[in-house]
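Here is what each chain is made of, one letter per residue.
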Amino acid sequence: MPSDNCPICGSPADHIRSDPYERVRCERCARFDITRNARDDWPVNRLSPRQIANASSWIREHEGVRLKSDDLDQLQSIPTPSVAERADKLLVFLSQKYPIVGTEFLVAEICNSMEAVAKSWSLNSGELRYLLDDYLDGPGKLVLRSGNSVRISPDGWAHLDQLGKANPRSHLGFCAMWFDSATEDLWKEGLEPEIRNAGYQPFRIDKHEHVNKIDDEIVASIRRSKFVVADFTYGSSGVRGGVYFEAGFALALGLTVVWTCRKDLIHPEKIHFDVNHYNFLAWEPGELEDFRDRLTNRIEAIFGHGPYKTNTPS
Ligand SMILES: [Zn+2]
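Small disclaimer: the values here were computed from a predicted structure and weren't measured.

Attention now moves to unusual backbone geometry. Asp19 connects to Pro20 through a cis peptide bond whose omega is -5°. The topology assignment puts Pro20 in the loop between β2 (12–17) and β3 (21–26). In this structure, Trp121 is a non-glycine residue whose phi angle is positive, near 55°. Tracing the chain through its elements places Trp121 in the loop between α6 (114–119) and α7 (125–135).

Okay, the nonpolar core next. Membership of the largest hydrophobic core comes to 39 residues, with the highest contact counts inside it found for Cys29, Leu90, Leu132 and Leu136. With residues up to four places along the chain from it excluded, the contact list for Leu132 reads Leu90, Val107, Ile110, Cys111, Val143 and Val150. Of all hydrophobic cores here, the second largest spans 34 residues; its members include Ala176, Leu295, Ile299 and Phe303.

We now examine helix α4 (residues 83–97). For α4, with 15 residues, the first-to-last C-alpha span of 21 Å sits near the 21 Å given by 1.5 Å per residue. Those residues of α4 not exposed but buried are Arg86, Ala87, Asp88, Lys89, Leu90, Leu91 and Leu94. Looking at the packing, one finds that the buried side of α4 touches α6, α7, β8 (149–152) and α8 (154–162).

On to the sheet that holds β8, then. One open sheet holds the three strands; their spatial order is β6-β8-β7, and the pairing between them is antiparallel. Strands at the two margins of the open sheet, each flanked by one partner only, are β6 (105–106) and β7 (143–146). Sheet topology note: the β6/β8 ladder contains two bridges and is antiparallel. By the bridge assignment for β8, Leu106 is matched with Ser149.

With that settled, the discussion passes to the domain arrangement of the protein chain. Here the protein chain is partitioned into domain 1 (3–75), domain 2 (83–162) and domain 3 (172–303). Look at where the C-alpha atoms of domain 2 and domain 3 centre, and you get two points 32 Å apart.

To continue, consider the pairing of β2. With five bridges connecting them, β2 and β3 associate as antiparallel partners. Looking at the pairing, His15 lines up with Val24 of β3. As consecutive antiparallel partners, β2 and β3 are separated by three residues.

Attention shifts here to the sheet that holds strand β9 (residues 172–176). Sheet architecture is open: five strands sit in the order β10-β9-β11-β12-β13, paired in parallel fashion. Edge positions in the sheet fall to β10 (201–203) and β13 (281–283), since each has one partner strand and no second. With direction set aside, neighbouring strand axes in the sheet form an average angle of 25°. Here β9 pairs with β10 via three bridges, running parallel. Looking at β10, one finds that Phe174 is bridged to Phe203.

It is worth spelling out the packing of α4 against α8 at this point. Helix-helix packing is described using two parameters, namely the angle between the two axes and the distance between the axes. Here α4 crosses α8 at 105°, and the two axes come no closer than 11 Å. Compared by their axis directions, α4 and α8 come out roughly perpendicular. Of the residues in α8, those touching α4 at Leu91, Val92 and Ser95 are Gly156, His159 and Leu160.

What counts and what doesn't
- Residues numbered from 1 in each chain as written.
- Predicted model: local features only at pLDDT ≥ 70, side-chain atom pairs only at ≥ 80, totals over all residues.
- Helix = DSSP H or I, 4+ residues; strand = E, 2+ residues; numbered from the N terminus.
- Core = buried A, V, L, I, M, F, W, Y, C linked by C-beta atoms within 7 Å.
- Buried ≥ 20, exposed ≤ 12 C-beta atoms within 10 Å, placed from the backbone.
- Contact = placed C-beta atoms within 7 Å.
- Expected span 1.5 Å × (residues − 1).
- Pairing = 2+ DSSP bridges.
- Domains from an automatic or database assignment.
- Axes fitted to C-alpha atoms, helices over the stretch in contact; angles between N-to-C directions.
- Parallel < 35°, antiparallel > 145°, perpendicular 65-115°, else oblique.

What follows is the structure, given as structure tokens:
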């Protein structure tokens, strides 16, 4: 396999060249596919180190993503998570790498790991060292240090238990969306099978028999859910106010919302969000395969495999 630098971040990478996508395995971004045009169009010399770091971390969180030229505007506008969010991501990474409680690991080993740099959305190993050594080892003591080593503290494990777990025992994935023939394939070929594939139960209010007023039923169902997938696609009758309400209500409850939308509508003049602020998963009619992988990856990256997962991960 030929080695070369990664077209996105410049780190060492292996490449498999084929048409229309080249497969890249980068030590920082991990595995992704990119077209020759996108590779040539990525304006690496005009981007700040932060933009490149954010693009790399985003790709790592969406392992296997396929990048085309028209994805690049969004890729260079990925917002930087807060320091607290980055510290949480680092703690999650450490807990997955060292799942046995009490395991000590060398600070230097983590700080020199490009995987840890990317997973914590750090600019470089200096920022990573701050998150590990100053932030996590700061007042809350989420890690404990002894000499050159650290280990996750009891408070750190307790903090991990709380992350993204507003309803820890729920297995429901509530789907807020426009119920229309235009989104039927999204449901049948995307949301429904992939939420199941991640091990959770997809839930759509119009598929559910209920005797209560529908608004009450929606509120009650969101309260019982583990997460909400909100699809903001709409047709000529205008934006779907219900989807905005359901996503906002879920956020207020502390639930994770996975934001999705048909690709042509992800534009500041078409949906009522700063689209750069939310990390939308785009889908295109007839091309749902890529979306399916990204949806499963997103859900599993946040919650891990759910109890209903039947197939083995590839
Ligand atoms: Zn890279």
